[in-house]
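# Fold and contact review
Given next are the chains, with one letter for each unit.
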Amino acid sequence: MYSLNVPVPGEVARLAEELRPSLYQFDTVRDQHTLVAKRFGNRDDYDRLEMQVRTALAGSPAFEARIAEIDRFENPARGDGPVVYLAVESPGLRKLHRELISEFDCIEGIEGDDYVPHVTLARGGNLDVAQQLTEREIDPITWNVTRLQLWDATYDEPTATISLPA
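Residues numbered from 1 in each chain as written. Predicted model: local features only at pLDDT ≥ 70, side-chain atom pairs only at ≥ 80, totals over all residues. Heavy atoms only, no water.

Our focus in this paragraph is the pattern of salt bridges. Between side chains of opposite charge, a pair can form when the charged atoms approach closely. Going through the model one piece at a time under the given rule, you end up with seven salt bridges. A salt bridge links Arg 48 to Asp 45, with the shortest nitrogen-to-oxygen separation between them at 3.9 Å. A salt bridge links Arg 54 to Glu 50; the nearest nitrogen and oxygen atoms lie 2.9 Å apart. Here Arg 54 and its partner Glu 50 are both found in helix α2 (residues 46-57), four residues apart, which amounts to about one turn of the helix. (Salt bridge = Lys/Arg side-chain N within 4 Å of Asp/Glu carboxyl O. Helix = DSSP H or I, 4+ residues; strand = E, 2+ residues; numbered from the N terminus.)

Attention now goes to helix α4 (residues 127-134). Residues Val 129, Ala 130, Leu 133 and Thr 134 constitute the buried set of α4. Looking straight down α4, one finds its buried side chains confined to an arc of 140°; they lie on one side. Opposite the packed face of α4, turned more than 90 degrees from it, sit the exposed residues Asp 128 and Gln 132. In this structure, the buried residues of α4 make contact with β4 (63-73) and β5 (83-89). (Buried < 20%, exposed > 50% of the residue type's maximum accessible area, 1.4 Å probe, protein only. Arc of directions from axis to C-beta. Contact = heavy atoms within 4.5 Å.)

The next thing to look at is the packing of aromatic side chains. What describes a pair of aromatic rings is the distance from one ring centre to the other and the angle between the planes of the rings. Scanning the model with the defined rule gives three aromatic pairs in all. Ring plane angle 40° and centroid distance 5.3 Å describe the contact between Tyr 2 and Tyr 46, whose orientation is recorded as tilted. One end of the pair, Tyr 2, is in strand β1 (residues 2-6); the other, Tyr 46, is in helix α2, and 44 residues separate them in sequence. This pair shows no difference in class: Tyr 2 is buried, exactly as Tyr 46 is. With a centroid separation of 4.9 Å and an interplanar angle of 70°, the aromatic rings of Phe 40 and Phe 104 are classed as edge-to-face. One end of the pair, Phe 40, is in strand β3 (residues 35-41); the other, Phe 104, is in the loop between α3 (91-103) and β6 (118-123), and 64 residues separate them in sequence. (Phe/Tyr/Trp six-rings, centres within 6.5 Å; stacked < 30°, edge-to-face > 60°.)

Moving on, we get to the sheet that holds β4. Strand pairing in a sheet takes place through backbone hydrogen bonds and is either antiparallel or parallel in direction. If you walk across this open sheet you meet the five strands as β2-β6-β5-β4-β7, and the pairing is antiparallel. With partners counted over all chains shown, the strands left at the sheet margins are β2 (28-29) and β7 (141-145), one partner each. Across two bridges, the pairing between β2 and β6 is antiparallel. Considered in β6, the bridge of Thr 28 is made with Arg 123. Of the strands in this sheet, β4 and β5 are in contact with α4, which crosses β4 at around 140°. (Pairing = 2+ DSSP bridges. Axes fitted to C-alpha atoms, helices over the stretch in contact; angles between N-to-C directions.)

Looking at where Ser 60 falls in the secondary structure, it is placed in the loop between α2 and β4. Judged by its relative accessible area of 7%, Ser 60 falls in the buried class. The residues contacting Ser 60, other than those within four sequence positions of it, are Leu 96, Glu 99, Leu 164 and Pro 165.

Turning our eyes to something else, we now look at the nonpolar core. Counting 44 residues, the largest nonpolar core has Leu 4, Val 6, Val 53, Leu 86 and Trp 143 as the members making the most contacts within it. Setting aside residues no more than four positions away along its own chain, Trp 143 makes contact with Val 6, Pro 7, Val 8, Pro 9, Val 12, Leu 35, Phe 63, Glu 64, Ala 65, Arg 66 and Ile 67. (Core = buried A, V, L, I, M, F, W, Y, C linked by side-chain atoms within 4.5 Å.)

Attention now moves to the environment of Asn 126. Inspection of the secondary structure assignment puts Asn 126 in the loop between β6 and α4. Residue Asn 126 is classed as partly exposed on the basis of its relative accessible area of 37%. Residues Asn 126 and Ala 160 lie 34 residues apart in sequence; the distance between their C-alpha atoms is 37 Å. Of the polar contacts made by the side chain of Asn 126, one reaches the backbone nitrogen of Val 129; its length is 3.2 Å. (Polar contact = N/O pair within 3.5 Å; in protein donor to acceptor, adjacent residues only side chain to side chain.)

What follows is the structure in structure tokens.
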């Protein structure tokens, strides 16, 4: 499984680590924190995919992203719920996502109009605990996205980095 991800800054990882003690009642707590811009699914043609992604991103500018709240999916389109996440505000990321789904297949239920930019913290567990977390206030984190990573979920690692001009 491949995806195009936005690397999150260290401040996001620190925030996730600060929230970790509040997540112990969930079935799964994320250790790595990513922000998916586009999913590509299973592909046997990685070299072709990388070239297509680089071509689609040619000329795409850097953009701003901001995290200012914790939110949840009560019944996620995939996997166990609830899902607790850091909500990402970014018109530039939404624009990029729309451009990418015009070039690549849209995954129903999680992309296109259903796309919600987020950084997952935990999933599975008690809905009341998830609700309590969404009421917690956090200090906003804003950053400029100047690069993207093609991500290989099988090996849980980036396979390519693509810079965006400022």
